[in-house]
Amino acid sequence: MSQPLDYSIAQKIVHWLMAILITLDLFVAQKFGNVMEQADRLESRGDHGSLGTIVASLFLLRLYLRYKNGAPALPVSMQGWQIIAAKLGHGLLYFFIGFLILSGLFTAMNATDPVALFGQFEITLGQIDKETFTFIRGFHEFATNAVIALILVHVLAAIYHWLVVKDDVTQKMMKFWKSKRV
Ligand code: HEM
């Protein structure tokens, strides 16, 4: 398949929806590390897992669109190391977002108290001891920190392309309502 001139509009919309929902889910989850009322914790776990499930669906759609539509070539002005860094950064983002979702799902399945997605679907396996839950939750916490670090680098690189280099890399994704694809 030859490389397209741009991302499709669907790819751009899914990119921004995921960015917004991951940020929202981080806000819901940031209080889990603190002492919480049990009822509040259970409700917040449900909200957090439900939002995470929507992110998971968008992630699958995104993988499909990437496979079907590909991605535009990076600007020829970019140096070799920058191209390697960009590809590595994007690959790691895909990997750790997948890991984040899977580790979240396993954390919920192994929670000591029930987690109900969308208030309906209880996914907890039951009879789990606290040590197992804490152990699995540690992977989810690690994945969260990795994704936060990668998102920071991603945003800094986008600002660099936009304001310093002034090429069209960032603009392509910002203008999500149009695509140069024919
Ligand atoms: C959008 C992706 C997600 C992000 C950014 C995220 C982030 C987090 C964070 C920051 C924590 C707190 C970690 C800590 O303080 O130790 C957490 C805990 C948790 N997450 Fe996620 N998560 C995501 C997806 C999911 C999914 C898909 C599920 C389940 C379907 C899930 C289930 C849980 C559970 C059960 C906990 C433990 C709650 C508790 O300690 O009471 N997460 N998550």
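For the structure itself, consult the block above.
Residues numbered from 1 in each chain as written. Predicted model: local features only at pLDDT ≥ 70, side-chain atom pairs only at ≥ 80, totals over all residues.

With reference to specific residues and values, describe the overall build of the chain.
For the chain, the helix and strand inventory stands at 5 helices and 2 strands. Its helices and strands taken in sequence order, the chain reads α-α-α-β-β-α-α from the N to the C terminus. With the C-alpha coordinates aligned to their principal axes, the bounding extent of the chain is approximately 55 × 30 × 25 Å. In the chain, once contacts between residues fewer than 6 apart in sequence are set aside, the share between residues at least 24 apart is 74%. (Helix = DSSP H or I, 4+ residues; strand = E, 2+ residues; numbered from the N terminus. Contact = placed C-beta atoms within 7 Å.)

Describe in detail the site of the ligand, supporting the description with residues and values.
The full set close to the ligand counts 26 residues, and Ala29, Gly33, Gly49, Gly52 and Gly104 are the nearest of them. Those elements giving two or more residues to the shell around the ligand turn out to be helix H1 (9-29), helix H2 (38-69), helix H3 (80-109) and helix H4 (130-165). At 8 residues, the largest contribution of residues to the shell around the ligand is made by H2. The residue inventory of the shell around the ligand, partitioned by class, reads 12 nonpolar, 9 polar and 5 charged. (Near = placed C-beta within 6 Å. Nonpolar A, V, L, I, M, F, W, Y, C, P; charged D, E, K, R; others polar.)

Talk me through the packing of H2 against H3; I want residue IDs and the actual numbers.
Relative orientation of the contacting elements H2 and H3 amounts to 140 degrees, with a least axis distance of 10 Å. Here the hand of the crossing between H2 and H3 comes out left-handed. Contacts from Gly49, Gly52, Val55, Ala56 and Phe59 in H2 reach Ile97, Gly98, Ile101, Gly104 and Ala108 in H3. For the contact of H2 with H3, the class distribution of residues is 6 nonpolar, 4 polar and no charged. (Axes fitted to C-alpha atoms, helices over the stretch in contact; angles between N-to-C directions. Left-handed = near helix turned anticlockwise from the far one by under 90°.)

Before we move on, can you summarise H2 with the specific residues and values?
With 32 residues, H2 ought to run about 46 Å at 1.5 Å a step, and its terminal C-alpha atoms sit 45 Å apart, in line with that. All buried positions along H2 are accounted for by Arg45, Gly46, His48, Gly49, Gly52 and Val55. In this structure, the buried residues of H2 make contact with H1, H3 and strand E1 (116-117). Directly beyond the C-terminal end of H2, a positive phi value near 70 degrees is found at Gly70. (Expected span 1.5 Å × (residues − 1). Buried ≥ 20, exposed ≤ 12 C-beta atoms within 10 Å, placed from the backbone.)

Pulling in residues and values, what's your account of the nonpolar core?
In terms of nonpolar packing, the biggest core is built from 5 residues, these being Phe96, Ile97, Leu100, Ala143 and Val147. Top element by residues in this core is H3. It accounts for 3 residues. Beyond its immediate sequence surroundings of up to four residues, Leu100 is in contact with Ala143, Thr144 and Val147. (Core = buried A, V, L, I, M, F, W, Y, C linked by C-beta atoms within 7 Å.)

How would you summarise unusual backbone geometry if you had to cite specific residues and measurements?
The backbone of Phe118 sits at a positive phi, close to 55 degrees, despite the residue not being glycine. Tracing the backbone through its elements, the reader meets Phe118 in the loop between E1 and strand E2 (121-122). Notably, Lys166 is not glycine yet its phi reads approximately 60 degrees, a positive angle. Within the fold, Lys166 resides in the loop between H4 and helix H5 (169-174). For Lys166, a count of 10 C-beta atoms within 10 Å gives the class exposed.

Nothing here speaks to function; it is geometry throughout.
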